[in-house]
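Residue-level structural notes
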Amino acid sequence: MGRIVVGVDGSDSSIKALHWAVRQAELTGATVEAVNSWEYPATSWASMMPGMPEDFDPQALATISLTEALEEALGAEGAAAVSKVVVIGNPAQALLDRAKGADLLVVGARGHTGLKATLLGSVSLHVTQHAPCPVTVVRD
């Protein structure tokens, strides 16, 4: 059995990528691994932000967000069949790291092209250039 890695951040494009990955897994017998990542704000912005509460747990919040996105998109039973991975780090790098040894990496595209994609640091652009496995970009 193979493994399909899919980036899921809760956006419409990532949910479309999730549906595509699940359908592909049904055809190939692969497992699906949904990946979400989070980062602390850049230190230059930290002085502008109020202090974070002691009980603030971004890992737990990201895990809840991923679980809710999967359940909303696939239902409870479908979500239970998907492996959930939440990591700290840049989204593109997190996907590249998880894609090592995978048969396929699936990401959504928000439709940014050209200069806007470059300025925003398009995850789909980055992973298509650096992935260790084939990549499918699901567009609207």
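Figured I'd write up the structure that's included with this text. All figures in this text were calculated on a predicted structure; none of them were measured in a lab.

1. Regarding the pairing of strand E1 (residues 3-7)
- Where burial is concerned, most of E1 is hidden: five out of the five residues are buried.
- Alternating residues of E1 divide into Arg3, Val5 and Gly7 and Ile4 and Val6, and every residue in both groups is buried.
- Two elements, E1 and strand E2 (residues 31-38), share five bridges in a ladder whose sense is parallel. Residue pairing for E2: Ile4 is matched across the bridge by Val32.
- Chirality of the crossover, the property in question, places the unit of E1, helix H1 (residues 12-28) and E2 among those that are right-handed.

2. Re helix H3 (residues 58-80)
- With 23 residues, H3 should reach 33 Å at 1.5 Å per residue; the first-to-last C-alpha distance of 22 Å falls well below that figure.
- Bending of H3 peaks at approximately 120° at the position of Leu74.
- For H3, the full list of buried residues reads Pro58, Ala62, Leu66, Ala69, Leu70, Ala73 and Ala79.
- Against the buried residues of H3 lie H1, E2 and strand E3 (83-88).

3. Details of the side chain of Ser13
- The topology assignment puts Ser13 in helix H1.
- Among the polar contacts made by the side chain of Ser13, one reaches the side chain of Ser11 at a distance of 3.2 Å.
- When residues no more than four places from it in sequence are discounted, the contact partners of Ser13 are Gly108, Ala109 and Arg110.

Criteria and thresholds
Each chain carries its own residue numbering, running from 1 in the direction its sequence is written. Local features in this predicted model are restricted to residues of pLDDT 70 or higher, and side-chain atom pairs are both shown and tallied only at a pLDDT of 80 or more, whereas totals for entire chains, interfaces and linings draw on every residue. By convention in this description, side-chain values take in all heavy atoms of the structure and omit both hydrogens and water. Classification of residues uses two cut-offs on accessible area relative to the type maximum, computed with a 1.4 Å probe and protein chains only: under 20% is buried, over 50% is exposed, and between them is partly exposed. Helix and strand definitions follow DSSP, with helices as H or I runs of at least four residues and strands as E runs of at least two, each counted in order from the N terminus. Pairing between strands is defined by DSSP: at least two bridges between the two strands are required. If you view a crossover with the strands going away from you and the path from the first strand over the helix to the second runs clockwise, you call it right-handed. By this rule, a helix spans an expected 1.5 Å times one less than how many residues it contains. Across the chain, bend at a residue is computed as the angle between axes fitted to the seven residues ending at that point and the seven starting from it. Contacts: residue pairs with any heavy atoms within 4.5 Å of one another. Counting of polar contacts relies on pairs of N or O atoms within 3.5 Å, with two restrictions inside protein: one atom must be capable of donating a hydrogen and the other of accepting it, and residues adjacent in sequence are counted only when both atoms are side-chain atoms.

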